[in-house]
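# Residue-level structural notes
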Amino acid sequence: MNRGARIYRTNSGSIDKNIVDKIYSEGFPITQYGLYTKREKGYKTFKVAVDAGFSCPNKDGTIDTEGCIFCPKMGRVISVEYCNVKYSLKEQIEHQIQRNKEKGIEKFYVYFYPGTNTHASPEYLKELWDFALSFDDVLGISIGTRPDCLEDEKLDILENYVKEGYEIWIDLGIQTMHDKTLDFLNRKHSSDDVRRVLLECKKRGILVCGHIILGLPDESWDMMMETAKILSDLEIDALKIYPLVVVENTKLEDIYWKGEYKSLDEKQYIHLVADFLEHISKYVIIQRVSKDKVPEEIKISPEWSLKRLRILNEVSKLLDKRKTKQGSKYKK
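Residues numbered from 1 in each chain as written. Predicted model: local features only at pLDDT ≥ 70, side-chain atom pairs only at ≥ 80, totals over all residues. Heavy atoms only, no water.

### Section: the overall build of the protein chain
From N to C terminus, the protein chain includes eleven helices and nine strands. Taken over the C-alpha trace, the protein chain has a radius of gyration of 19 Å; the compact-globule value for 332 residues is 20 Å, and the two agree within 12%. Based on the C-alpha atoms only, the size of the protein chain along its principal axes is roughly 55 × 50 × 40 Å. For the protein chain, the residues scored as buried account for 58% of the 332 residues in total. Within the protein chain, residue pairs in contact and separated by at least 24 positions form 80% of the contacts whose partners lie at least 6 positions apart. (Helix = DSSP H or I, 4+ residues; strand = E, 2+ residues; numbered from the N terminus. Rg over C-alpha atoms; globule rule 2.2 N^0.38 Å. Buried < 20%, exposed > 50% of the residue type's maximum accessible area, 1.4 Å probe, protein only. Contact = heavy atoms within 4.5 Å.)

### Looking at helix H3 (residues 89-101)
For H3, built from 13 residues, the straight-helix expectation of 18 Å at 1.5 Å per residue is met to within 8% by its first-to-last C-alpha distance of 18 Å. The set of residues buried in H3 consists of Leu89, Gln92, Ile93, Gln96, Ile97 and Asn100. All buried residues of H3 project into a common sector of 115 degrees when viewed along the axis, lining one side. Those residues of H3 hidden inside the fold are in contact with strand E1 (45-50), strand E2 (107-112), helix H4 (122-132) and strand E3 (138-145). (Expected span 1.5 Å × (residues − 1). Arc of directions from axis to C-beta.)

### A word on the packing of helix H8 (residues 221-233) against helix H10 (residues 266-278)
In a packed pair of helices, the relevant descriptors are the angle between the two axes and the axis-to-axis distance. Where H8 meets H10, the axes come as close as 9 Å, and the angle between the chain directions of the two elements is 40 degrees. Overall, the two elements H8 and H10 adopt an arrangement that is oblique. You can see that H8 and H10 cross each other, and the crossing is right-handed. When H8 is examined against H10, the residues Trp221, Met224, Met225, Thr227 and Ala228 are found in contact with a partner set consisting of Leu272, Asp275 and Phe276. Of the residues that constitute the contact of H8 with H10, the class distribution is six nonpolar, one polar and one charged. (Axes fitted to C-alpha atoms, helices over the stretch in contact; angles between N-to-C directions. Parallel < 35°, antiparallel > 145°, perpendicular 65-115°, else oblique. Left-handed = near helix turned anticlockwise from the far one by under 90°. Nonpolar A, V, L, I, M, F, W, Y, C, P; charged D, E, K, R; others polar.)

### Here's the deal with the packing of aromatic side chains
Using the criterion set out here, one finds seven aromatic pairs in the structure. Ring plane angle 90 degrees and centroid distance 5.3 Å describe the contact between Phe131 and Phe135, whose orientation is recorded as edge-to-face. For Phe131, a relative accessible area of 22% gives the class partly exposed. The side chain of Lys17 reaches across the aromatic face of Tyr283, ending 5.0 Å from its centre. Its end group placed over the ring of Tyr24, Lys282 keeps NZ or CZ at 5.5 Å from the ring centre. (Phe/Tyr/Trp six-rings, centres within 6.5 Å; stacked < 30°, edge-to-face > 60°. Lys NZ or Arg CZ within 6 Å of the ring centre and 35° of its normal.)

### Some remarks on unusual backbone geometry
Between Ser301 and Pro302 the backbone carries a cis peptide bond, its omega angle lying at 5 degrees. With respect to the helices and strands, the residue Pro302 is situated in the loop between strand E9 (299-301) and helix H11 (308-322). Even without being glycine, Gln175 reaches a positive phi, approximately 75 degrees. Along the chain, Gln175 turns up in strand E4 (residues 167-175). Residues other than glycine seldom take positive phi values, yet Asn186 does so here, at roughly 60 degrees. Within the secondary structure, Asn186 is located in the loop between helix H6 (179-184) and helix H7 (191-204).

### Quick word on H4
Taken together, the buried positions of H4 are occupied by Pro122, Leu125, Leu128, Trp129, Asp130 and Ala132. Buried residues along H4 sit against H3, E2, E3 and helix H5 (152-164).

### Some remarks on the environment of Pro114
Within the element layout of this structure, Pro114 appears in the loop between E2 and H4. Its relative accessible area of 5% is what places Pro114 among the buried residues. Distance from Pro114 to Ser55, taken between C-alpha atoms, is 8.3 Å for residues 59 residues apart in sequence.

### As for the nonpolar core
Side chains that are nonpolar tend, in soluble globular proteins, to be buried together. Counting residues in each nonpolar core, the largest one holds 71 residues, and the members touching the most others are Phe112, Trp129, Ile141, Leu158 and Leu239. When residues in this core are grouped by element, the largest group, seven residues, is from H10. In this view, Leu239 contacts Cys209, Gly210, Ile212, Leu231, Phe276, Ile280, Val284, Ile285, Ile286, Gln287 and Arg288; residues no more than four positions away in its chain are not counted. Counting 16 residues, the second-largest nonpolar core is a separate cluster that includes Ile15, Ile19, Ile23 and Tyr24. (Core = buried A, V, L, I, M, F, W, Y, C linked by side-chain atoms within 4.5 Å.)

Below is the structure:
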């Protein structure tokens, strides 16, 4: 496929610290993704979530069949209408771009969302990535995957896109940097796998957004703050922070009904997010602080609303009340 290089990138494969410093000079307590991108690019962007039909090696028998304890046995639970394999990849991208252009969005990322989106041959992945980048208003791609599914050959392909001027993000399922917890979750990868991916992506100019869960079984406050420090020291580019959500048809549901796990209440979670933010570098962009894409009909716990903007506002108010901000307790 012919794909002309279009230099959309305004950074060099890392977070622009000058922009972050400006955000804090304006009094904001959190380096929010929306604030950062508005200043970096000067126009509105949107992530077009697509379902390319990927499975997970932790469920399809490649490394295991059980999956993570919090992952539904029925597989995908997606609430974005056009992020659905019943539509072609072309239809998913075109429909969402058109609809969001009508809302004033100018440029887009294609976000390969459900499943482990690097769980395939490099040749097949390149075909998909080339196609996604062939759309005129697409400035880059974001790829949801696991730390153990990013071999060098795949990273090399992504590095070539970076050299062409595209912005490449890895949405990396990390959850925690403690191997004991990863084993309990049946993640089937280690914290060393995370370290390797972060170092290799940094060398290649590939940006990484890590997904972290707070309130995991048997994780202490100190352990969660240690995860914050480790990822900051490794200079991760961004984070999505979530509460642990119990949904139907999971092993976690069984544990929950046995009384062996209790969800955080809303106040506990808001305070924990504020603590976590204080302990991470201010140069880590915060993309989310909650998980609002869980359909209510399958959610068992927690009972409070997960809406991310509401939680973000509550966390911001708490940081203001404390007279503190993201990174205030982080020491490299």
